[in-house]
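Fold and geometry: a report
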Amino acid sequence: MSGLRIDVADLLAHAGSRRAVDLAVPLADLAGSATTVEGPVAMALDLERIPDGIVVRGDIGFTWTGECSSCLAPIVRDLVVHVDELFEPDPVEGETYPIEGHEIDLEQVVRDAVLLELPLAPHCDTPCVDPVAIPAVEPDDESVSPDRADPRWAALSDLEIT
């Protein structure tokens, strides 16, 4: 059972009602391809009853760690993600989340929002690779000359454009 299951019976009973929810919960296995979420995920959310269900709005804050994709230096960053999601009794696959009885489970919302914001190839704030230190590749073969056409495209040269 998730630590992010919220009883919303009071909201379901009164149209237009609201409630603030502040949580800090560690989530296991929350990682992207090159980054990992460290420590608890903090949430400051507002739950609001609307005719279609319950809207969850607010911010999710977390710290992620990874390695720079250029120099492999360790990186630690804080990130805050805004969410605005709808929970309804009959959810639309991939668009809304389910109300199960008189509870909503925020875990999937948090996972979806966090994983979408984690960088795929993290990098240092300042350029970590000196462009002057990268040797320029000079063509030493005349077949690579910009004045000469690439022989692989020769068949296209024979086509007439009308």
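Located above this text is the structure these notes cover.
In this report, the structure presented in the accompanying data block is examined. (Residues numbered from 1 in each chain as written. Predicted model: local features only at pLDDT ≥ 70, side-chain atom pairs only at ≥ 80, totals over all residues. Heavy atoms only, no water.)

Comments concerning the overall build of the chain
Counting its regular elements, the chain contains three helices and seven strands. Listed N to C, the secondary structure of the chain is β-α-β-β-β-β-β-β-α-α in terms of helices and strands. Counting across all 162 residues of the chain, residues that qualify as buried make up 30%. Long-range contacts, defined as pairs at least 24 residues apart, comprise 57% of the intrachain contacts of the chain with a sequence gap of at least 6. A total accessible area of about 11,000 Å² is found for the chain, and carbon and sulfur atoms account for 54% of it. (Helix = DSSP H or I, 4+ residues; strand = E, 2+ residues; numbered from the N terminus. Buried < 20%, exposed > 50% of the residue type's maximum accessible area, 1.4 Å probe, protein only. Contact = heavy atoms within 4.5 Å. Areas by Shrake-Rupley, 256 points an atom, 1.4 Å probe, with all protein chains shown as cover.)

Looking at helix 2 (residues 107–117)
Burial in helix 2 covers these residues: V109, V110, R111, A113 and V114. Buried residues along helix 2 sit against strand 3 (35–50), strand 4 (53–67), strand 5 (74–88) and strand 6 (97–100).

Examining the pairing of strand 4
Two strands pair when backbone bridges link them, and strand 3 and strand 4 are joined in this way by 13 bridges, in the antiparallel orientation. Paired with T35 across the strands is G66, a residue of strand 4. In sequence, strand 3 turns back onto strand 4 through a hairpin of two residues. Pairing between strand 4 and strand 5: 14 bridges, direction antiparallel. Counted as the bridge partner of R57 is D84 from strand 5. Taken together, strand 4 and the strand that follows it, strand 5, pair antiparallel across an intervening segment of six residues, in which L72 is found at a positive phi of about 65°. (Pairing = 2+ DSSP bridges.)

Quick word on the environment of C68
Mapped onto the elements of the fold, C68 is located in the loop between strand 4 and strand 5. Its relative accessible area of 0% is what places C68 among the buried residues. Sequence separation between C68 and C128 is 60 residues; the distance between their C-alpha atoms is 8.8 Å. Look past the residues within four positions of C68 in its chain and what remains in contact with it is A73, I75, P122, H123, C124 and C128.

A look at the pattern of salt bridges
The tally for this structure, following the rule as stated, stands at nine salt bridges. Residues E103 and R5 are paired through a salt bridge, measuring 3.1 Å at the closest nitrogen-oxygen approach. Within this pair, whereas E103 is found in strand 7 (residues 103–105), its partner R5 is found in strand 1 (residues 5–7), the two being separated by 98 residues in sequence. One salt bridge in this structure joins R77 and D125, with 2.9 Å as the shortest N-O distance. A residue pair is termed long-range when its members are at least 10 positions apart, and R77 in strand 5 and D125 in the loop between helix 2 and helix 3 (154–157) qualify at 48 residues. For R77, a relative accessible area of 22% gives the class partly exposed. Overlapping salt bridges bring together R5, E100, E103 and D105 as one network. (Salt bridge = Lys/Arg side-chain N within 4 Å of Asp/Glu carboxyl O.)

What about the sheet that holds strand 5?
Read across the open sheet, the seven strands follow the order 1-7-6-5-4-3-2; overall the sheet is mixed. The two strands at the open ends of the sheet, each matched to only one other strand, are strand 1 and strand 2 (18–26). Strand-to-strand twist across the sheet, computed as the mean angle between neighbouring axes with direction ignored, equals 25°. Helix 2 contacts strand 3, strand 4, strand 5, strand 6 and strand 7 of the sheet and is inclined by roughly 135° relative to strand 5. (Axes fitted to C-alpha atoms, helices over the stretch in contact; angles between N-to-C directions.)

Brief notes about the pairing of strand 6
Here two bridges tie strand 5 to strand 6, and the two strands are oriented parallel to one another. Bridge pairing in strand 6 places F87 opposite Y97. Pairing of strand 6 with strand 7 involves two bridges; the strand directions are antiparallel. From the neighbouring strand, I99 faces strand 7, where its bridge partner is I104. Once strand 6 ends, the chain turns through two residues before running back antiparallel as strand 7, passing G101 with a positive phi of about 70°.

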